[in-house]
Amino acid sequence: MEADTQAHVAFFLTGRRPGEYLDAVEGLDLRPALFAGYRDITQLRYDFPLVLVARPSDKLFVQSLSGLVDAALADAARGSDGERIRKHVLRLEQEIRTLAAAGATVPLSALWDKAAGRLAKGDDKSLEDSLRRARAAIKVDGEVADCDAALPARLLRHAWSAVQKQKAEAFRRNLDRLVLKLSDILKADFERSEAGRSAKHLKASVGTGYGDAFDFEAMSRLLAKALPKDAFPESRRQRIRELLAVLGVQQFFPSPDAAANKAAVTIKPYSFLFEHCADALAAFRERMPKLVELAKAIAIAELEIDGQYSESKHDDLFEQFGANGLDPQDLAPFPDYLVCVNAEKMQAAEQAQLMEILSSGLPIKVLLQLDDILEEPAGGEGKLSSGMRSRQIANMAIGLNEVYVLQSASSNLFRFRERLLRGLTYRGPALFSVFSGASGNASGLPPYLMAAAAMESRAFPAFTYDPSAGPNWASRFYLEANSQVDLDWPIQGFAYEDEQHQTVSEDLAFTLVDFVAGDRRYARHLARVPREKWNGSMIPVDESLSRERKGLPDKVPSLLMVDANNVLQKVLVDERLIREARRCREMWHSLQELGGVHNSHAEKLLAREKKAWEERMQLEAETIVATAPAASAAASAPTTAASVSAAPAAAAPPEPERAPGEAYIETARCSTCNECTTINNKMFAYDGNKQAYIADITAGTYAQLVEAAESCQVSIIHPGKPRNPKEPGLEELQKRAEPFQ
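Let me begin by describing the structure that accompanies this report.

The rules behind the values
Residues numbered from 1 in each chain as written. Predicted model: local features only at pLDDT ≥ 70, side-chain atom pairs only at ≥ 80, totals over all residues. Heavy atoms only, no water. Helix = DSSP H or I, 4+ residues; strand = E, 2+ residues; numbered from the N terminus. Buried < 20%, exposed > 50% of the residue type's maximum accessible area, 1.4 Å probe, protein only. Contact = heavy atoms within 4.5 Å. Areas by Shrake-Rupley, 256 points an atom, 1.4 Å probe, with all protein chains shown as cover. Axes fitted to C-alpha atoms, helices over the stretch in contact; angles between N-to-C directions. Parallel < 35°, antiparallel > 145°, perpendicular 65-115°, else oblique. Left-handed = near helix turned anticlockwise from the far one by under 90°. Nonpolar A, V, L, I, M, F, W, Y, C, P; charged D, E, K, R; others polar. Pairing = 2+ DSSP bridges. Core = buried A, V, L, I, M, F, W, Y, C linked by side-chain atoms within 4.5 Å. Phe/Tyr/Trp six-rings, centres within 6.5 Å; stacked < 30°, edge-to-face > 60°.

### Structural notes on the overall build of the protein
Next up, step 1: Looking only at helices and strands, the protein has 28 helices and 21 strands in total.
Next up, step 2: Relative to its 741 residues, the protein shows a buried fraction of 45%.
Next up, step 3: Long-range contacts, defined as pairs at least 24 residues apart, comprise 71% of the intrachain contacts of the protein with a sequence gap of at least 6.
Next up, step 4: When the accessible surface of the protein is summed, it comes to about 38,400 Å², and 52% of that surface belongs to carbon and sulfur atoms.

Right under this line is the structure:
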């Protein structure tokens, strides 16, 4: 083994860098090669910053700046001025993005004006006209929020407020209706009473304009005779008064006219926003008697209004109302609690209270924010954090079956906005586990890039579990937000210029190691290889992860990274990071199973069915062989008309000769299941007997050939060898194709 390779292997196994052969990476400002194009993300158009819509309607509680600008340009940038308006507005958008990245959190209208002022040069009427026309096309306003440490809580509180506002409006309409109807019942009762029929009251009800036009004494006597004598039960009168009192002093929703009504000002509404699980639990328990009282008052009021309340039937029933708590249907009209906690600040007691909330079925929504998922244990030994604490909580919450669970990086929250709303409107507890990416600041990476990398590398995958979506995992669990969900690691194209100034393109897998390599705290697990010492022993990390090592390795994992000048570097990775990547991959496989991707149960069933089919085919083949002597004897017998007519039917067509590795279908055994033609009806087609064959091998990909082979109900599709050596994911595809070759 050459000295260079020995040094590489030694570093991989021990993490120690021989100075003669390897360089330290500390201070080189290295980042994964795929990060090369993201030095300044304010120059790019992407989802951020967001606009937290001030007056949200339906599901539009948040908009992306780029989306608003695109819509405005579609409306304003028309005609001969269109290109000029488009250029001006896109410059303004970039300026707003720069201001937001610097920490500006003011409304869009204010930030728009500030950015316009920075762009203005003298008396530029054309710029002013462009921005005015575009601004007029944007019909919303609201605070601007960039992807930073504050985003998860800001966004979730904003969405929660929008949901609670809708609840409050619906509750207030119902409450006002109940109060009006109950008041009308008491008013009607008073009108039938002696006081209501008195001459004094009758005169006051008519008004001063007609006070002398009627004989109110005579009218009072007539009404006393005409109105029914049935007395209004005092118990009912008292019950309705008590109901009105309870409805009038409720503290769960603010009164809309509290500012105008001095009496209402003294009734302070409850707050439902908390920073600790213990405080939220204590508040819920403390308010529970008032909540039961209000829910009971609403239920009795509905019966009273309909005239259905029976004291003999309902008094005892409502005496025990809420003794065992309230069910989700009773709790649904009332506000949900929102707790925003930071995982780094959670102690064991707080975590226990969080699990108590999630297992209780209470309408409490919890944001569990993680700012750092790569924190090393004390002493730097042991396993990486990799979000394990949050992942354990999320997994336990899913195991409770009745908790809405959302896990996502903050970079993905805008695309998960509808799923955020589903969690906030879910009747029961909900957990929102979000990685903010804020730890990237320590490595000079923007939080957006750090968060997106965590999700891309499978370190912090995005998923949701919605118990209300259906009865099974297929309907409840959603994993498709992740890139290339069927692969272990996403594969992205990467192009660079070599020393001969030639463009080189290759596909790179983005693994957990790439994500960790962007964090300066893990520099000691990396070693830069000088360009003159690059050799064939250095293989990509994803290839290394697919190998099972026995004894001393002859190949060592390496990363492509770039320095501050975007010069390509090769960096070795030690064994510890490879172990963590394998562990991360296994956790990703578990999520894939939950999401129905490479499900082991389905694959086991498919293998069993395939084995049974092969055994049947083998039995049939043996039967044919066993009957061959009889067929031979029949062939040597004198020729008859019957044997002549049967001969063509018995003759089987010869198998065509195929080149090694050629893809083909056993057409004669096709069952016309439509699986392959559904995948690609140009690559696969039916012949005159409605049996499939490969019509055009160039019309599809090797991945589609493998998928068709896996989908075929009788396993007659043989993918052969890949035609395009640069097709992404070939190593995994060839492994999947092996059972069908």
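### Thoughts on the packing of helix 4 (residues 108–119) against helix 5 (residues 125–137)
Next up, step 1: Contact pair helix 4 / helix 5: the axes reach a minimum separation of 11 Å and the direction vectors enclose 165°. As summarised for this structure, helix 4 and helix 5 are arranged roughly antiparallel, according to the angle between their axes. When you trace helix 4 past helix 5, the crossing you get is right-handed. Contact with helix 4, carried on its side by Ser109, Trp112, Ala116 and Leu119, involves Leu127, Leu131, Ala134 and Arg135 of helix 5 and no other residues of that element.
Next up, step 2: Among the residues forming the contact of helix 4 with helix 5, the class breakdown is six nonpolar, one polar and one charged.

### With respect to the environment of Val341
Next up, step 1: When you line up the elements, Val341 lands in strand 6 (residues 337–342).
Next up, step 2: By relative accessible area, Val341 is classed as buried at 7%.
Next up, step 3: Sequence-wise, Val341 and Leu367 are 26 residues apart; in three dimensions their C-alpha atoms are separated by 6.1 Å.
Next up, step 4: Those residues within four positions of Val341 in sequence are excluded, and the remaining contacts are Glu275, His276, Cys277, Met346, Glu350, Val366, Leu367, Leu368 and Gln369.

### Some thoughts on the sheet that holds strand 5 (residues 273–274)
The strands making up a sheet are joined through hydrogen bonds of the backbone, oriented either antiparallel or parallel.
Next up, step 1: With respect to topology, seven strands assemble into an open sheet ordered 5-6-7-9-8-10-11, the strand pairing being mixed. The outermost strands of the open sheet, each flanked by one partner alone, are strand 5 and strand 11 (477–478).
Next up, step 2: Direction of pairing for strand 7 (residues 364–370) relative to strand 9 (residues 430–435): parallel, over a ladder of six bridges. Bridge pairing in strand 9 links Lys365 to Ala430.
Next up, step 3: Contacts between helix 15 (residues 348–360) and the sheet are confined to strand 6, strand 7 and strand 9, with strand 7 contributing the most and set at about 140° to the helix.
Next up, step 4: This element, helix 17 (residues 417–425), spans strand 7, strand 8 (404–409), strand 9, strand 10 (463–465) and strand 11 of the sheet and lies at about 150° to strand 8.

### Quick word on the packing of helix 2 (residues 65–76) against helix 3 (residues 82–101)
Next up, step 1: The N-to-C vectors of helix 2 and helix 3 enclose an angle of 165°; their axes lie 11 Å apart at closest approach. In this view, helix 2 runs roughly antiparallel relative to helix 3, as classed from their interaxial angle. In this structure, the crossing between helix 2 and helix 3 has a hand that is right-handed. Here helix 2 contributes Leu65, Ser66, Val69, Leu73 and Ala76 to the contact with helix 3, which in turn contributes Ile85, Arg86, Val89, Leu90, Glu93, Ile96 and Arg97.
Next up, step 2: For the contact of helix 2 with helix 3, the per-class residue count stands at eight nonpolar, one polar and three charged.

### Regarding the nonpolar core
Next up, step 1: Within the largest apolar cluster, 157 residues are counted, with the highest numbers of intra-cluster contacts made by Leu155, Phe334, Ile373, Phe432, Phe435 and Phe515.
Next up, step 2: The biggest single contributor to this core is helix 6 (residues 151–192), with 15 residues.
Next up, step 3: Here Phe334 is in contact with Lys167, Phe171, Phe252, Phe253, Leu291, Leu294, Ala295 and Ile298, once residues within four sequence places are set aside.
Next up, step 4: In terms of nonpolar packing, the next biggest core, distinct from the first, is built from 25 residues, Ala72, Leu108, Leu127 and Val144 among them.

### What to know about unusual backbone geometry
Most peptide bonds take the trans form, and the phi angle of most residues other than glycine is negative.
Next up, step 1: The omega torsion of the bond from Phe48 to Pro49 falls at 0°, within 30 degrees of zero and hence cis.
Next up, step 2: Residue placement: Pro49 occurs in the loop between strand 1 (31–32) and strand 2 (50–57).
Next up, step 3: Phi is positive for Asp29, close to 55°, though the residue is something other than glycine.
Next up, step 4: Judged by relative accessible area, Asp29 falls into the partly exposed class, the value being 33%.
Next up, step 5: The phi torsion at Arg458 lies on the positive side, around 75°, for a residue other than glycine.

### With respect to the packing of aromatic side chains
Next up, step 1: Scanning all chains against the criterion turns up 21 aromatic pairs.
Next up, step 2: Here Phe274 and Tyr337 contribute two aromatic rings whose centre-to-centre distance is 5.9 Å and whose plane-to-plane angle is 15°, an arrangement assigned as stacked. Here Phe274, found in strand 5, pairs with Tyr337, found in strand 6; they are 63 residues apart in sequence, far enough to count as distant. By the burial criterion, Phe274 is buried, and Tyr337 matches it.
Next up, step 3: Geometrically, the ring pair formed by Tyr465 and Trp473 is tilted, given 5.2 Å between the ring centres and 45° between the ring planes.
Next up, step 4: Accessibility expressed as a relative area gives 2% for Tyr465, which makes it buried.
Next up, step 5: On the accessibility criterion, Trp473 (37% relative accessible area) is partly exposed.
Next up, step 6: Through a chain of ring-to-ring contacts, three or more aromatic side chains come together here, namely Phe171, Phe252, Phe253, Tyr270 and Phe334.

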